[in-house]
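An overview of the molecular structure
What follows is the residue order along each chain.
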Amino acid sequence: REPTSLPTCRVTHHRSHSHRRINTNCTTMAASTPVYGLDAELKAKRDAKYSTDEETRVVAWIEELTGEKLEGTFAEWLKNGVVLCKVLNAIKAKTVKKSAMKPSTMTFKQMEVIKAFLQGCRALGMAEHDVFCTPDLFEEKDMGAVLRCLVALSSTAQTKIAGYAGPTLGVKQSTGNKRTEGE
């Protein structure tokens, strides 16, 4: 039987006057991992920025682009990376090889498929700051970053992919307008 997530141990140090106490929380990597202190504040800040309206728009765009229908939560639907790779291939054929998009229940395989998606985004010319990190999706650390990446991907498709006529999401990126001295 394959594990669905890897166990992790979080060790936190607490200093109180003259003694030091260590808390160890062993849990599985998932959205339910307890966070404390600064991590909790940062998570609350990220969660506050998350827009369910934006999620609805992104889901509709993906469904129209790929024909895939939302199954489960947004994070569960994207977690194995296959739907994301189908998005890339719908924008530009063969951006991700079919051999790299095989669905799997094994954690490292799912993360490899997400990595293939991220490499495909970079290959299409997306700015590095628009690309999320694997844990943002896989561990659901920052689903807002995943949403922003998909909106940026749509903009990149409109701007940098010649002949792209698929559905759009967000605004088209601006392109340089070089002027000569006489204009």
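Details of the nonpolar core
Ranked by internal contacts, the top residues of the largest apolar core, which has 43 residues, are Trp 61, Leu 78, Ile 91, Phe 117, Phe 132, Leu 150 and Leu 153. In terms of residue count, the dominant contributor to this core is helix H7 (residues 143-160) (10 residues). If near-sequence neighbours (up to four positions away) are discounted, Ile 91 is found in contact with Trp 61, Leu 65, Leu 124, Leu 153, Ala 157, Ile 161 and Tyr 164.

As for the pattern of salt bridges
Within the structure shown, the criterion is met by six salt bridges. With a closest N to O distance of 3.6 Å, Lys 141 and Glu 139 form a salt bridge. Owing to a relative accessible area of 38%, Lys 141 belongs among the partly exposed residues under this scheme. Accessibility expressed as a relative area gives 16% for Glu 139, which makes it buried.

Points about the confidence of the model for the chain
Of the residues in the chain, 75% reach a pLDDT of 70 or more, and the chain-wide mean stands at 82. Note that pLDDT drops below 50 for residues 1-30; the model gives that stretch 50 contacts with residues more than four away or on any other chain.

Topic: the layout of surface pockets
Empty space within the second largest pocket amounts to approximately 170 Å³. Around the second largest pocket, the lining residues are Glu 68, Glu 71, Glu 76, Trp 77, Asn 80, Val 82, Val 83, Lys 86 and Pro 103. Those elements that provide at least two residues to the lining of the second largest pocket are helix H3 (74-78) and helix H4 (82-91). When residues in the lining of the second largest pocket are grouped by element, the largest group, three residues, is from H4. Grouping the constituent residues of the lining of the second largest pocket by class yields four nonpolar, one polar and four charged.

Definitions and cut-offs
Residues numbered from 1 in each chain as written. Predicted model: local features only at pLDDT ≥ 70, side-chain atom pairs only at ≥ 80, totals over all residues. Heavy atoms only, no water. Core = buried A, V, L, I, M, F, W, Y, C linked by side-chain atoms within 4.5 Å. Buried < 20%, exposed > 50% of the residue type's maximum accessible area, 1.4 Å probe, protein only. Helix = DSSP H or I, 4+ residues; strand = E, 2+ residues; numbered from the N terminus. Contact = heavy atoms within 4.5 Å. Salt bridge = Lys/Arg side-chain N within 4 Å of Asp/Glu carboxyl O. pLDDT = per-residue confidence, 0-100. 1 Å grid on protein atoms, 1.4 Å probe; cavity = no way out; pocket = protein on both sides within 12 Å on 5 of 7 lines; lining within 4 Å. Points joined across faces, edges and corners; volume = space filled by probe spheres on them. Nonpolar A, V, L, I, M, F, W, Y, C, P; charged D, E, K, R; others polar.

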